[in-house]
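Below are the chains, spelled out letter by letter.
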Amino acid sequence: MHDLRAIRENPDLFDRGLALRGLDPRSAVLLDLDLRRRAAQTAFQEMQARRNEASKLIGQYKREGKDAQAILDEVASLKERIPATEEEEKRLGAELDALLAALPNIPAADVPAGKDERDNVEIRRVGTPPVIAAPKQHFELGEALGLMRADLGAKLSGARFTVLRGQLARLERAIGDFMLDTHTREFGYEEVSPPLLVKDEAAFGTAQLPKFAEDLFQTTNGYWLIPTAEVPLTNLVADSILDAEELPLRLTARTPCFRSEAGSAGRDTRGMIRQHQFYKVELVSITTPDQSLAEHERMTEAAETILKRLGLPFRTVTLCSGDMGFSARKTYDIEVWLPGQDTYREISSCSNCGDFQARRMKARFRAKGDKTTQFVHTLNGSGVAVGRCLIAVLENYQQADGSILIPDVLKPYMNGLERIAAHG
RNA sequence: GGAGAGGUGGCGGAGUGGUCGAACGCGUCGGUCUCGAAAACCGAAGUACCCGCAAGGGUACCGUGGGUUCGAAUCCCACCCUCUCCGCCA
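Residues numbered from 1 in each chain as written. Chains lettered and ligands numbered in written order. Predicted model: local features only at pLDDT ≥ 70, side-chain atom pairs only at ≥ 80, totals over all residues. Heavy atoms only, no water.

Moving on to the pattern of salt bridges. The full count for this structure, using the stated rule, is 27 salt bridges. Connected via shared salt-bridge partners are Arg8, Asp34, Arg37, Arg38 and Glu89. (Salt bridge = Lys/Arg side-chain N within 4 Å of Asp/Glu carboxyl O.)

Next up, the structure:
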């Protein structure tokens, strides 16, 4: 959600920001509505002030036994005019809110301008893709092992569901455990076990609603299945005023994520790249405004550390203005090397949302000794997607015989297992 | 699911329909006192929005939304949530 005052002060800056997203200017429409809304509010409040004053007089007159009829009449006529003004104020306010709620965050100044993913800027590349003769894709490997079963997923639930069995199921758990341990022990994140079903307010707070309802699953009684733990973790601080000393607040959770994948029909249909349900370890930081830039780098480093430790080659890119998500001011995507696809694929996305989400969910903080409150900054990042990480391990650690070596850091989590083979 | 109780400021807890943004206590902050601290005493202190260069003024908020009234924390209606007991259940 945007700060109307900031738009008022610098409408051009706002419109330029929207333009970077490929959107038409809106400041003129917003400011016109804003002006009319405030005028209505002022008129409404002045009438109420007069009404309150008169009502006090009436009470006084009655106590003193005086005749209050004249004031009573005045209030009566006032009351006829109040509802229309109030109505006007509400209507304009709702209209303004609806417009505002559907506008994405403005890109940070150092975000590269661009249209789509082709304009993203690679900022580093870590690790060397392994040399593999005729590399297989993850689903070929998994199916050959008999431990990755698209057929069973389809039987139970349809397309975009997969059943993992045996050591692959174990590997998935091990990967998530390893990530959580690393983030909690080394990066100071607090582990959280949040609800996976949330109500409208929470989905609005992180801006899945109102614009992206079609990307979510909803229960028959109105709950939304979380598409990422960003939703419950960030909304933990909704409607609150934190002490500055508590910040930054760092939270992590491994949760299933549910996504309808509306609009991605036909894309990544084979294998586990794009599923309706997958596990992800999420990182969320709540910071003061002056902490968020450094925190963004720190968070990205935490996510990268996972891939480094797993020995997975990756590259990090800064998303261009046109490719960023709705809430983000700036986003780093981490893309892991997939030998089977002979390309880098997104495995993490770390975003600084500034105060955009905080405004929506009214998450504020107060500096020590300070009288006024400020909105916090919120950041979120995958640390990292467990399902895609499993894929990356399979493809990067595949052997000529179709077996999979276990990365060293995961062995303790696999009871010392060295490799996953067809009948091991 | 059945029965009951309740939702007031950071917390606890008052509040005859009018002077209540809200007593009182605790906690918090500033000050006095002290070598320092404690105690004591004095004082400050909700959130958001609107008008205003400012000083300052105004409006709203006592779970949420409606209603009654000149006037609602107080009355009425609906909903939400919490707690207790019973039943059922992972």
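All chains considered together, the criterion is met by 1 cavity of 30 Å³ or more. Space inside the largest cavity adds up to approximately 30 Å³. Along its surface, the largest cavity is lined by Val198, Ala203, Gln208, Leu216, Trp224, Leu225, Ile226, Pro227 and Val231. When the residues that make up the lining of the largest cavity are grouped by side-chain class, the tally is 8 nonpolar, 1 polar and no charged. (1 Å grid on protein atoms, 1.4 Å probe; cavity = no way out; pocket = protein on both sides within 12 Å on 5 of 7 lines; lining within 4 Å. Points joined across faces, edges and corners; volume = space filled by probe spheres on them. Nonpolar A, V, L, I, M, F, W, Y, C, P; charged D, E, K, R; others polar.)

The full set close to RNA strand B counts 23 residues, and Gln41, Thr42, Ser55, Arg366 and Thr373 are the nearest of them. Sugar and phosphate atoms form 72% of the subset of RNA strand B atoms that lie within 4 Å of the protein. Within the side chain of Gln45, one N or O atom sits 2.9 Å away from a base nitrogen of RNA strand B. Between Thr373 and RNA strand B, the recorded distance is 2.5 Å, taken from a side-chain N or O atom to a phosphate oxygen. Put simply, the parts of the chain that give the surface near RNA strand B at least two residues each are α1 (4-9), α3 (27-64), α4 (69-101) and β13 (363-366). Tallying contributions element by element places α3 first for the surface near RNA strand B, with 13 residues. (Near = heavy atom within 4 Å. Polar contact = N/O pair within 3.5 Å; in protein donor to acceptor, adjacent residues only side chain to side chain. Helix = DSSP H or I, 4+ residues; strand = E, 2+ residues; numbered from the N terminus.)

A few words now on the sheet that holds strand β10 (residues 314-318). Strand pairing in a sheet is mediated by backbone hydrogen bonds. Such pairs are either parallel or antiparallel. The strand order across the open sheet formed by 8 strands is β1-β10-β11-β12-β15-β9-β8-β4, and the pairing between neighbours is mixed. At either margin of the open sheet sits one strand with a lone partner, and together these are β1 (121-126) and β4 (190-191). On the sheet, helix α10 (residues 292-310) packs against β1, β8 (249-258), β9 (277-287), β10, β11 (330-338), β12 (343-352) and β15 (377-385) and is oriented at approximately 5° with respect to β15. Each of β9, β11, β12 and β15 touches helix α12 (residues 386-396); the most contacted strand, β15, lies at about 35° to it. (Pairing = 2+ DSSP bridges. Contact = heavy atoms within 4.5 Å. Axes fitted to C-alpha atoms, helices over the stretch in contact; angles between N-to-C directions.)

Looking now at the sheet that holds strand β7 (residues 240-243). Taking strand neighbours across the sheet as the criterion, the 3 strands line up as β7-β13-β14 in an open arrangement whose pairing is mixed. In this open sheet, the two edge strands, each paired with only one partner strand, are β7 and β14 (374-375). As defined by bridge partners, β7 adjoins β13 across 4 bridges and the pair is classed as parallel. Counterpart to Asp243 in the pairing with β13 is Arg366.

By themselves these figures say nothing about function.
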